[in-house]
Amino acid sequence: MKWKNTVLSAGMALAITNPAYAGSEIETLITMLHENGMVSEAQYGRLMAELEQNKTQAAEEKAIVEQKLAEATKPSDVEVTIDKGINIKTRDEKFTSKIGGRVQADAAAYGGEPDMGDGTEIRRARLYIQGTMYHDWGYKLQYDFVDTGSAGIKDAYLSYTGFDNLELKAGNFKDPFSLQEQTSSKFISFMERGLPSAFAAGRHIGVMASTRHQHWTLAGGLFGDTVSAKGGAEDEGWGAGTRATWAPVNNQADVIHLGLGLNYRETGGTNAARFKQQAESHISGINIVDTATIAAVNDFYKVGAEIATVQGPFSAQAEYITTSVNRDSGNDLDFDGWYAQAGYFLTGESRQYKNGKFGGITPKGNVGDGGIGAWELALRYSTIDLNDAEIEGGEADSVTLGVNWYPAPTLRFSANYVDVLDVDGGTNDGDEPSVFQVRSQWAF
Amino acid sequence: MKWKNTVLSAGMALAITNPAYAGSEIETLITMLHENGMVSEAQYGRLMAELEQNKTQAAEEKAIVEQKLAEATKPSDVEVTIDKGINIKTRDEKFTSKIGGRVQADAAAYGGEPDMGDGTEIRRARLYIQGTMYHDWGYKLQYDFVDTGSAGIKDAYLSYTGFDNLELKAGNFKDPFSLQEQTSSKFISFMERGLPSAFAAGRHIGVMASTRHQHWTLAGGLFGDTVSAKGGAEDEGWGAGTRATWAPVNNQADVIHLGLGLNYRETGGTNAARFKQQAESHISGINIVDTATIAAVNDFYKVGAEIATVQGPFSAQAEYITTSVNRDSGNDLDFDGWYAQAGYFLTGESRQYKNGKFGGITPKGNVGDGGIGAWELALRYSTIDLNDAEIEGGEADSVTLGVNWYPAPTLRFSANYVDVLDVDGGTNDGDEPSVFQVRSQWAF
Amino acid sequence: MKWKNTVLSAGMALAITNPAYAGSEIETLITMLHENGMVSEAQYGRLMAELEQNKTQAAEEKAIVEQKLAEATKPSDVEVTIDKGINIKTRDEKFTSKIGGRVQADAAAYGGEPDMGDGTEIRRARLYIQGTMYHDWGYKLQYDFVDTGSAGIKDAYLSYTGFDNLELKAGNFKDPFSLQEQTSSKFISFMERGLPSAFAAGRHIGVMASTRHQHWTLAGGLFGDTVSAKGGAEDEGWGAGTRATWAPVNNQADVIHLGLGLNYRETGGTNAARFKQQAESHISGINIVDTATIAAVNDFYKVGAEIATVQGPFSAQAEYITTSVNRDSGNDLDFDGWYAQAGYFLTGESRQYKNGKFGGITPKGNVGDGGIGAWELALRYSTIDLNDAEIEGGEADSVTLGVNWYPAPTLRFSANYVDVLDVDGGTNDGDEPSVFQVRSQWAF
């Protein structure tokens, strides 16, 4: 807005010289009258002197006013907006600060076996502060109050973006793995991620380098253990991961996405691993498949393949993840799972895709602005197999139907019906539980 | 402040046309001189042309300046105030954000039996973010850092106020029950609520509808269990509650309040209940009356009657609460309690009353602004009876004397002396402990 | 910036009277023409009247414009800056609010005995809100998310600064003791404080009075127990502490500091004490010296002597702390320790010293602003002796080499190598572990 000052001053300059102009005909008149002999030489001199003095004075005053007005119209140094959290930034964007958060309040009713207690929970209650310092440095601290102690620390990192199109990160954040994991819980199509999220890589303390382009992204990192891990006399676990995505088509409402992720983890002092999953519902906390703790596990690695598309109001995504567990003794173990889902916006919106993951929804009309918000229907099939060798964790597959209502970009209500078609093996062998659950969410 | 622009522009308009005006006598003069034959036809023409041109030029410049000044004087989009927490709002109030919190630091010394350890504690240390989105939507997340994990989550909800005089809420918040519970701990007259707070309904995850008017309020909700409850294979508890208040008189410093509350709770998988109370002091954590866990409890309901008044600097309130416990086997149980309290502001302030509960104090003169703050004396008698059938939790009654000093609206210092007149029955039968405790508080 | 209004209005005043001035020669001209008999008496009257009316009108319009412009140029009531956290203050500084925090992400590798597990941790993840209310009142609430429940509450207090050069505090904050403890973990020269930090006085709930001058400071307080202490039937512990500092030389980059601290603590109901220390590394959590819990301890007191200096880019500090433990039975115990450290800024910066402790670093050139930040080398020797009478906690001494890089005032990267020269006595007798650890930090 700096331009305003100059133009304005210019405008004022003209405006103030006004009197001088408006006086020009006086000068002419006086000269004429003098020529016509109506004004004596002496009088003419006096008039002209007075005129000159007035012009000079006008010029000086003009200068003062211009300077003062320039100050008065200087724009403020920072911009504050609160439509999506509290956002403050300096106009040169050298510094930015954002305070945001989310609350997801859930309720669920369960049917069939195994017994799962109907109930409610605050699924997530997060607050974060995030920003930029000195152009090139980024920081974030996010905490989830539903967790206890350090386990609640989610993103907690420092980043450097001074190199062209490259971001370096140090601290606690998600391993680069799996499309449904990279997509924020604010924006996934259902209340919970599909069954293969049992193989999620999660967050660890480490360092990562990543680059983002319109048609591809690449990220790779080295990680220690989780925030809450405390080795004591034993080494903590460590890991490494990389993820590559390719979007041959990436336009607004027209996307094709392919992704591949690799994730390795050494178990460290625990020397054990466990994989388990609930019925795409978190309230009761009951697992329908569970390998229990597998002892003598030196390390395991995961491979994930992703495919997704957006075609106007329609979107679809699918992932296959396999996990290979290397044991000091006994056969190695292979577990895997996959899901495929589709969604459709009755109100015509499209899922946003950027940097190899999905973002939020912007309704065509917000409730409170005279609109009805965005309405989405979604369907998912997902399956997971935790049976291998002597380990009988169980195999499960389920179908989930979801309805999402986004009254505004920061608001969401969801209803999910999960039908677990079958549990095969494990403690819940033969069970076919079903879930009906609802959520209210605000997030920014 | 939009009006400023227009008025201002108007002002400028006049101001800038100034030269033209100031030139009007020139026109007259020229015309006269022409009529008087002092100026030739040719000269007259030249002068008039020059005059016309100057007028036009002046008009154009006027336009530029008006436009620029309108921009320069456009008010900022958001207003920021920090006298009571950090408040940010858009001028159209479509969006608002507030960051607030409170810290209460307490110390206590105990006398008599049972043994209660002298000590200190941070009673509450809360931070919250709250606001409005798109006019009609409200959100809040408040956490108390003295608690552990999800137990610290206090208000965590989403609300809709788009319907006339009706608020719909979903998430975690207080059941609508009991005047002293509805009144914030920042604003209650003593450091702790009266003995019947053993029957407080507390906060649960649920949905509630409420309407507020100057002379009455009505709220009703359906609730699940607490944030920290985790059912596992068992159903969590659930409940329902309603509260109606009537204020036949409700003016500044002149209030009469009547209230009635009903609260029902099904115990869910725990199938148990427990009621206990401390000596209106939280530091030692010792209970003077306690039913211990009552088994085989299917559900219980509470009824509360409220009456309160404000007459200038004087205020008084009283409540009676009874709780009926239904057991699967054995007699049902009835517990109850009541309190009556009065307060007086030596400095002439009045308790604020709004929406069926009490609010904060605004001293007539703030310390730091040359005032002495607000000084209040308060006295309370309260009693609770947890003896029924074979359950001997004990009966207790106490008298509490309190002094409150509010140096400013956001500051408070309190000193309370609690004299437990008698404990009758239960493990502390015959004891008569006393408490002296002090608090420093900032809250906004 | 209030001056702007007045000066500006003045400027405008002149500017607007402009036409009148610019018209003065007209008046002269008219008068002359009248004297010269070129303008009739009647015409003269008409012209003068018109002139007069125009002057009046000009004056009125001038007034409007001045008033409007004064409003338009009124500065906003609050100032917002975000270069070091979110800072908001009213221009009269009657109210201020700051939101700040810090994240320290660490990794360590260990060598030698005892076994210490390599790993990572978020050392600190803090958020705080702090400010001023009504000129004279200060408030702060700071929480560390790596801790659990109330243990994470760090500063949580209310303060009064209305008396000349005196601060009164109530709430939870650090006892006034030890230079390296008073200096924030953001600003200490190494990743961890020296071995004598085993004798740190820590934070307690209490009241303190302190005064600060350029050449000396004095603080004294009465304290209860820690936030997390819960006495139950037993009294909590309590204590008292005082610290005096003297800086005969205290200029920018030229400081000599001397300090003396006394700290007394009564153990309360626990009636026990324990002193332990890690190898100046927090990740593994293993103690190299540890008295284990010493029973029958009634109270103990600590004496600490401090000396420090800043000479341009060079800085040095040393402390000796002794602790005397009084037991109900058995000999009293004496433990002690000391450290001496030196640091040098290769890039020429100096450590900041104020109010008897060290502050942050301001690089001569920030990374992101074309600079390379501040680079510091630091060396420390520290030792602690926990052997006395039958208590064999062990004696240890270590040398630590540190490198610190401050890309900007709010950013820091550190690498430390700790060589424990010897552990003498205790469970780790004869061990000589070594540590290599790194940290990334943002803090404001």
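Here the structure is a predicted model, which means the values were calculated and not measured. (Residues numbered from 1 in each chain as written. Chains lettered and ligands numbered in written order. Predicted model: local features only at pLDDT ≥ 70, side-chain atom pairs only at ≥ 80, totals over all residues. Heavy atoms only, no water.)

1. Some details on the relation of the copies chain B and chain A
So, step 1. For the pair chain B and chain A, the relating rotation is 120°, the translation along its axis is 0.4 Å, and the fit reaches an RMSD of 0.4 Å. In short, the pair behaves as if placed about a three-fold rotation axis.
So, step 2. Counting the interface residues of chain B, we find that no more than 12% of their copies in chain A are interface residues as well, pointing to two distinct contact surfaces. (Least-squares fit on C-alpha atoms with pLDDT ≥ 70 in both. Contact = heavy atoms within 4.5 Å.)

2. A word on a nonpolar patch on the surface
All names here are of chain A.
So, step 1. A contiguous nonpolar surface patch, about 630 Å² in accessible area, is contributed by Phe 314, Tyr 344, Leu 346, Ile 372, Trp 375, Leu 377 and Val 403.
So, step 2. By secondary structure assignment, the location of Trp 375 is in strand 19 (residues 374-388).
So, step 3. What makes Trp 375 partly exposed here is its relative accessible area of 32%. (Patch = residues over 30% accessible without salt bridge, like charges linked within 9 Å, V, L, I, M, F, W, Y side chains within 5 Å. Areas by Shrake-Rupley, 256 points an atom, 1.4 Å probe, with all protein chains shown as cover. Salt bridge = Lys/Arg side-chain N within 4 Å of Asp/Glu carboxyl O. Helix = DSSP H or I, 4+ residues; strand = E, 2+ residues; numbered from the N terminus. Buried < 20%, exposed > 50% of the residue type's maximum accessible area, 1.4 Å probe, protein only.)

3. So, the interface of chain A and chain C
So, step 1. With 65 residues of chain A at the interface, the matching set in chain C holds 67 residues.
So, step 2. Buried surface at the junction of chain A and chain C, both sides included, amounts to about 5400 Å², of which 71% is carbon and sulfur.
So, step 3. Where chain A touches chain C, the interface holds 2 salt bridges.
So, step 4. The partner of Glu 121 of chain C in a salt bridge is Lys 230 of chain A, with the nearest N and O atoms 3.1 Å apart.
So, step 5. Between chain A and chain C we count 15 residue pairs in polar contact (both at pLDDT 80 or more) in total. (Buried area = accessible area lost by both parts, 1.4 Å probe. Polar contact = N/O pair within 3.5 Å; in protein donor to acceptor, adjacent residues only side chain to side chain.)

4. Some details on the nonpolar core
So, step 1. Membership of the largest hydrophobic core comes to 94 residues, with the highest contact counts inside it found for Phe 145 and Trp 442 of chain A, Phe 145 and Trp 442 of chain B together with Phe 145 and Trp 442 of chain C.
So, step 2. With residues near it in sequence (within four places) discarded, Trp 442 of chain C still touches Ile 129, Met 133, Tyr 139, Lys 140, Leu 141, Tyr 157 and Leu 158 of chain A together with Gly 101, Arg 102, Val 103, Thr 410 and Leu 411 of chain C.
So, step 3. In this structure, Ile 26 of chain B together with Ile 26, Ile 30 and Met 38 of chain C belong to the second largest nonpolar core, which totals 33 residues. (Core = buried A, V, L, I, M, F, W, Y, C linked by side-chain atoms within 4.5 Å.)

5. Thoughts on the side chain of Thr 309 of chain A
Residues and elements named next belong to chain A.
So, step 1. Mapped onto the secondary structure, Thr 309 falls in strand 14 (residues 297-311).
So, step 2. In this structure the side chain of Thr 309 is engaged in a polar contact, spanning 2.6 Å, whose partner is the backbone oxygen of Val 255.
So, step 3. For Thr 309, the residues in contact, after removing those within four places along its chain, are Val 255, Ile 256, Phe 314, Ser 315 and Ala 316.

6. A word on unusual backbone geometry
Only a minority of non-glycine residues have a phi that is not negative, and only a minority of peptide bonds are not trans.
So, step 1. A cis geometry characterises the amide bond from Glu 113 of chain B onward to Pro 114 of chain B, with omega recorded as -5°.
So, step 2. Tracing the backbone through its elements, the reader meets Pro 114 of chain B in the loop between strand 3 (96-111) and strand 4 (119-133).
So, step 3. A positive phi angle, close to 50°, is found at Asn 271 of chain A, a residue other than glycine.
So, step 4. Considering the arrangement of structural elements, one finds Asn 271 of chain A in the loop between strand 11 (254-266) and strand 12 (276-278).
So, step 5. Its relative accessible area of 27% is what places Asn 271 of chain A among the partly exposed residues.
So, step 6. In the Ramachandran plot, Ala 296 of chain A falls in the positive-phi region, its phi being about 55° despite a non-glycine side chain.
So, step 7. Locating Ala 296 of chain A in the fold gives a position in the loop between strand 13 (287-290) and strand 14.
So, step 8. Among the residues examined, Ala 296 of chain A registers a relative accessible area of 23% and is labelled partly exposed.

7. Describing the relation of the copies chain A and chain C
So, step 1. Each copy of the sequence occupies a distinct position, and chain A is placed on chain C by a rotation of 120° and an axial shift of 0.2 Å, giving an RMSD of 0.4 Å.
So, step 2. Here only 12% of the interface residues in chain A have copies in chain C that are interface residues too; the copies meet through unlike faces.

8. Concerning the pairing of strand 4 of chain B
Residues and elements named next belong to chain B.
So, step 1. Buried residues dominate strand 4, accounting for 13 of its 15 residues.
So, step 2. Bridge count for strand 3 against strand 4 is 13 bridges, and the pairing is antiparallel. When the sheet's bridge partners are listed, Lys 98 is paired in strand 4 with Gln 130.
So, step 3. For strand 4 and strand 5 (residues 137-144), the ladder comprises 8 bridges, and the chain directions are antiparallel. (Pairing = 2+ DSSP bridges.)

9. What to know about the domain arrangement of chain A
So, step 1. Taken domain by domain, chain A consists of domain 1 (2-73) and domain 2 (103-118 + 186-443).
So, step 2. For domain 1 of chain A and domain 2 of chain A, the distance between their C-alpha centres works out to 75 Å. (Domains from an automatic or database assignment.)

10. Looking at the confidence of the model for chain A
All names here are of chain A.
So, step 1. Per-residue pLDDT for chain A has a mean of 92; in total, 93% of the residues score no lower than 70.
So, step 2. Within the model, the stretch residues 1-22 combines pLDDT values under 50 with 45 contacts to residues more than four positions away or in other chains.
So, step 3. Across the predicted assembly, pTM comes out at 0.91 and ipTM at 0.89. (pLDDT = per-residue confidence, 0-100.)

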